[in-house]
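Observations on chain architecture
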Amino acid sequence: MTTPEHEHREPIDISDLAARAAGIPETSGEALETSPRTGRDRAWWDRTRADWSDDDEAAFNAAMAAAREVTA
Amino acid sequence: MTEPERRPVGLILDTSAITAYLTAPSVASMSVSEVMRWPAEDGEVTGLPVAALVQAATLGHGVAALAPLTEHPATVTLADDWPVIMTAYELTGDLGAAAAVAARHSHAEAGVRILTDQRGLYRAFPRKLTIAVDHRGLPPLPRE
């Protein structure tokens, strides 16, 4: 019994998918700057990345450290 | 011989986000690709934890179905030592989420988020660690 070769798939263009999600023609790159569907635009992404404090990182690391003691 | 260029990880997908991405065409898959676009614009890559890929594959998607994601130029596969994943598993109770947390811990800088459709798995961490897959808005697109 032979195993069929995996179907070759072209990589998905992320921009095209975002365009389809927003109902925007795929060739309209300029219109992709803001998604009317979710409001997740470039500014949202920048705010999200910036909204992480040293305290948040400390809490993340503390949780990992506590769990490490349990699994040690 | 020079080292291959390594781009920073700007986003991490867990199993649920990978699964959402693969259920195309759907609002969920569009939501994932929409978020992946922003780190790509900054020259960053989206991290795909190995264990999360395996979990997604075993959920019925198969290896070939994962290719559009794993072979995309804006993604990178991330592997971690099993004790790190085990540590994260203690906190999440889920292998895919644990793999995402381990990847965040080992491969990403502060501020990098995990995209997930199961935020409840990350209760042990600051809520801001995760970004939710967005299901709002348009109905699923018709299959081509």
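Every value quoted in this text rests on a predicted model; they were computed, and no experiment measured them.

1. Some points on the sheet that holds strand 1 (residues 9–13) of chain B
Residue and element names in this part refer to chain B.
- Ordered by their spatial adjacency, five strands build an open sheet running 3-2-1-4-5, and the pairing between neighbours is parallel. Every other strand in the sheet has two partners, leaving strand 3 (75–78) and strand 5 (130–132) as the edge strands with one partner each. Taken pair by pair, the neighbouring strands of this sheet meet at an average axis angle of 35°, ignoring direction.
- Seen against the sheet, helix 2 (residues 27–41) touches strand 1, strand 2 (45–49), strand 3 and strand 4 (113–116) and runs at an angle of roughly 160° to strand 1.
- Strand contacts of helix 5 (residues 95–107): strand 1, strand 2, strand 3 and strand 4, with the helix running at about 165° to strand 1, the strand carrying the most contacts.

2. Brief notes about the packing of helix 3 (residues 54–71) of chain A against helix 5 of chain B
- It is the contact of helix 3 of chain A with helix 5 of chain B, at a shortest axis distance of 12 Å, that shows an interaxial angle of 115°. In this structure, the crossing between helix 3 of chain A and helix 5 of chain B has a hand that is left-handed. Across from Glu 57, Phe 60, Asn 61, Met 64 and Arg 68 of chain A in helix 3 of chain A, the residues of helix 5 of chain B making contact are Val 101, Arg 104 and His 105 of chain B.
- Its residues assigned to classes, the contact of helix 3 of chain A with helix 5 of chain B shows three nonpolar, two polar and three charged.

3. Overview of the confidence of the model for chain A
- When pLDDT is averaged across chain A, the result is 66; 47% of the residues are at 70 or more.
- The low-confidence segment residues 1–33 of chain A, where pLDDT is below 50, has 52 contacts with residues more than four positions distant or belonging to other chains.

4. Observations regarding helix 5 of chain B
- The end-to-end C-alpha distance of helix 5 of chain B is 17 Å, a good match for the 18 Å that 13 residues give at a rise of 1.5 Å each.
- Two or three places before Gly 96 of chain B, at the opening of helix 5 of chain B, Asp 94 of chain B has a side-chain oxygen 3.0 Å from that residue's backbone nitrogen.

5. Comments concerning the packing of aromatic side chains
- Counted according to the given criterion, the structure contains two aromatic pairs over all chains.
- With a centroid separation of 6.1 Å and 50° between ring planes, the pair formed by Trp 44 of chain A and Trp 45 of chain A is classed as tilted.
- On the basis of relative accessibility, which here comes to 14%, the residue Trp 44 of chain A falls in the buried class.
- On the numbers, 5.2 Å between centres and 35° between planes, the contact of Phe 60 of chain A with Phe 125 of chain B is tilted. Of this pair, Phe 60 of chain A sits in helix 3 while Phe 125 of chain B sits in the loop between strand 4 and strand 5, on two different chains.
- Classification of Phe 125 of chain B by relative accessible area gives buried; the value is 6%.
- For Arg 104 of chain B, the ring lying beneath its charged end belongs to Phe 60 of chain A, and the centroid distance is 4.7 Å.

6. Brief notes about helix 3 (residues 50–70) of chain B
Residues and elements named next belong to chain B.
- Between its terminal C-alpha atoms helix 3 stretches only 10 Å, short of the 30 Å expected from 21 residues at 1.5 Å a residue.
- At Gly 60, helix 3 shows its maximal kink, close to 120°.
- For helix 3, the complete set of buried residues consists of Ala 51, Ala 52, Leu 53, Gln 55, Ala 56, Ala 57, Ala 65, Leu 66, Ala 67, Pro 68 and Leu 69.
- Residues of helix 3 that are buried in the fold lie against strand 1, helix 1 (15–22), helix 2, strand 2, strand 3 and helix 5.

7. Things to note about the pairing of strand 2 of chain B
Residues and elements named next belong to chain B.
- Judged by how many residues are buried, strand 2 sits mostly within the fold: five of five residues are covered.
- Alternating positions in strand 2 separate into two faces, Val 45, Gly 47 and Pro 49 on one and Thr 46 and Leu 48 on the other, with burial throughout.
- The pairing of strand 1 with strand 2 spans three bridges and is classified as parallel. Bridging from a neighbouring strand, Ile 12 pairs with Gly 47 of strand 2.
- Note: strand 2 against strand 3, four bridges, orientation parallel. Pairing of Pro 49 across the sheet is with Leu 78, part of strand 3.

Rules used in this analysis
Residues numbered from 1 in each chain as written. Chains lettered and ligands numbered in written order. Predicted model: local features only at pLDDT ≥ 70, side-chain atom pairs only at ≥ 80, totals over all residues. Heavy atoms only, no water. Pairing = 2+ DSSP bridges. Helix = DSSP H or I, 4+ residues; strand = E, 2+ residues; numbered from the N terminus. Axes fitted to C-alpha atoms, helices over the stretch in contact; angles between N-to-C directions. Contact = heavy atoms within 4.5 Å. Left-handed = near helix turned anticlockwise from the far one by under 90°. Nonpolar A, V, L, I, M, F, W, Y, C, P; charged D, E, K, R; others polar. pLDDT = per-residue confidence, 0-100. Expected span 1.5 Å × (residues − 1). Polar contact = N/O pair within 3.5 Å; in protein donor to acceptor, adjacent residues only side chain to side chain. Phe/Tyr/Trp six-rings, centres within 6.5 Å; stacked < 30°, edge-to-face > 60°. Buried < 20%, exposed > 50% of the residue type's maximum accessible area, 1.4 Å probe, protein only. Lys NZ or Arg CZ within 6 Å of the ring centre and 35° of its normal. Bend = angle between axes of the 7 residues up to and from the residue.

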